[in-house]
Amino acid sequence: MKTSILALGAMLILSGQAFADPRDDRRQAVENGLRSAVIVEGRDTGARRLEDRMRELHTPGVAIAVVRAGKLDWVQGYGVVSAGGETVNADTLFQAGSVSKPVAAVTALVMAQDGALSLDAPINTILRSWTLPENPFMQASPVNLRRLLSHSAGATVHGFAGYAVGAPIPTVPQILDGAAPANSPAVRVDRPVGVDYRYSGGGYTIAQLAMIDVAKKPFPAIARTSLFAPLDMTRSTFDQPLPAGTPNVALAHDEAGLPIPGGFHVYPELAAAGLWTSATDLARFVIEVQNAAHGQGNVLSQETAREMLTPQPGGWGIGFKVSGEGATLSFFHDGSNAGYKATLIGHPETGDGAVILTNGDQGYQLGQEILRGIAIAYGWIDNRPIVRKAVDLPLAAQRLFAGTFEIEGLGTFEIRQAENNMLVELRKGQVFQLIPSSERTFFIAEQNIVLTFEDADHGAVEADAQRFSFTRTAEN
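In this text, all values refer to a predicted model and were calculated from it rather than measured experimentally.

Basis of the calculations
Residues numbered from 1 in each chain as written. Predicted model: local features only at pLDDT ≥ 70, side-chain atom pairs only at ≥ 80, totals over all residues. Heavy atoms only, no water. Pairing = 2+ DSSP bridges. Helix = DSSP H or I, 4+ residues; strand = E, 2+ residues; numbered from the N terminus. Axes fitted to C-alpha atoms, helices over the stretch in contact; angles between N-to-C directions. Contact = heavy atoms within 4.5 Å. 1 Å grid on protein atoms, 1.4 Å probe; cavity = no way out; pocket = protein on both sides within 12 Å on 5 of 7 lines; lining within 4 Å. Points joined across faces, edges and corners; volume = space filled by probe spheres on them. Nonpolar A, V, L, I, M, F, W, Y, C, P; charged D, E, K, R; others polar. Polar contact = N/O pair within 3.5 Å; in protein donor to acceptor, adjacent residues only side chain to side chain.

**Brief notes about the sheet that holds strand β10 (residues 340–347)**
Spatial ordering of the open sheet is given by β3-β2-β11-β10-β9-β8, a layout of six strands whose pairing is antiparallel. Across the chains shown, the open sheet's two edge strands, defined by having one partner strand only, are β3 (71–79) and β8 (321–323). Taking the axes of each pair of neighbouring strands and ignoring which way they run, one obtains an average angle of 15 degrees across the sheet. Note: β10 against strand β11 (residues 352–358), seven bridges, orientation antiparallel. Across the sheet, residue Ala 342 finds its bridge partner in β11, namely Leu 357. In the packing of helix α11 (residues 279–292) onto the sheet, the strands contacted are β2 (61–68), β3, β9 (330–337), β10 and β11, and the crossing angle to β11 comes to about 150 degrees.

Have a look at this one:
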């Protein structure tokens, strides 16, 4: 009998079955299965390889973590922290950009659970070191943390550019007042409170100061005590700038893959954009939110988690974009700092989720392709490519829409001709073919973005279920 068991073991080892791990199969399916946002009916829609897309999108390093059924399925680094630098791994630090916001929101919710903070008290009754200037909008309905954290406070300032290493860094009150050396305008409330959604990094900076004023501690220390230590997020910090000598740090690169001077920008707007984290740590954060929704969280109660994942006025939850309900419920956030792009998603009912961190300015495009590859490999019902039909439209008819257009508050984009196609440059260095679906409607295959023109000078862009109007500013 002993001989037979040994012989069977040898056969299994020789066949490779003894060491087969289905997680490796799932990981390889993702690595070889990146997908565009849109499948154009009748055209080739083949999967793409991760290493090829990293090269094509000039993104030196990527870290991916996939959560399956409430547990970390696998985490893997790809590429390098910088040209000629160390290999990215599961613990490499990246700036997470606006993924800082849900992490900061959970920090605030933990303080609220502990009775240190009120989500619904007027914000000026909490602030001590600065006051949000009152106006009729605030008198009709008060600004509070719940509204600031769900982007429904009517607050200004979408995002922040950061500061070069070595440049003067403003205090939080200086940022909020737009006072030198701040490089962003003052944060104010200029529309009805509690009615509509308007994304506001400025609102999160107010929330940051409220937490500091209540706890009487620096914000990095608050997050470390309330969140990072309990969740064993040992590589995560809101320290800005990152302490000299910190090991295993991915450095920032522009859209062409060139290093950003100084290695990265500094973001004193910590709650909005200041998080440094790893794929492993951020996966722990996703698992915490998912577990808390079922009453099994380490820092969040079930009541708090469900409140966080309930849409507020305007459609966002507290800290997250929330989509679907029941079995299809998901929470999501992406991030964009200079030279870094990040993506985070979780599904409370299935326990599935993912984290993608990159150190290149084209990393958002890469991250979305990776996310769709994960969705297909793991059988998710969301984040899969959609199918659109293209139409033949003479190039002369398409040229009517060439020019530079502005989306109020978000910047400009350019449409131009290149040989026999029209191209759109949404951000610097991010250029895509514009595919006609009617005489006045166009879409992009790489991202789920649709442009609809009212006439040659006006129209609207739809992206991620949001609609923004645009107006021509220049001819091409």
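Here the narrative resumes, following the displayed structure.
**A look at the environment of Asp 196**
With respect to the helices and strands, Asp 196 occurs in the loop between α7 (172–177) and α8 (201–215). Linking Asp 196 and Pro 313, residues 117 residues apart in sequence, is a C-alpha distance of 6.0 Å. With residues near it in sequence (within four places) discarded, Asp 196 still touches His 151, Ser 152, Pro 313 and Gly 314.

**Topic: the layout of surface pockets**
If you add up the space inside the second largest pocket, you get close to 320 Å³. Lining the second largest pocket are 17 residues; nearest its centre among them are Ser 36, Val 38, Asp 44, Arg 48 and Ala 445. Of all elements in the fold, only β1 (38–40), β15 (421–427) and β16 (430–436) reach the threshold of two or more residues within the lining of the second largest pocket. With three residues, β1 is the largest single contributor of residues to the lining of the second largest pocket. Its residues assigned to classes, the lining of the second largest pocket comprises seven nonpolar, five polar and five charged.

**Some thoughts on the side chain of Gln 365**
Mapping Gln 365 onto the fold places it in helix α13 (residues 363–378). Side-chain polar atoms of Gln 365 contact the side chain of Gln 447, separated by 2.9 Å. Residues contacting Gln 365, with those up to four places away along its chain left out, are Arg 53, Leu 57, Arg 372, Phe 432, Glu 446 and Gln 447.

**Here we look at the sheet that holds strand β19 (residues 458–463)**
Read around the closed barrel, the eight strands follow the order β13-β14-β15-β16-β17-β18-β19-β20; overall the barrel is antiparallel. Neighbour-to-neighbour, the strand axes of this sheet turn through a mean angle of 30 degrees, independent of strand direction. Note: strand β13 (residues 403–407) against strand β20 (residues 466–474), four bridges, orientation antiparallel. Note on β20: the bridge partner recorded for Glu 406 is Thr 471.

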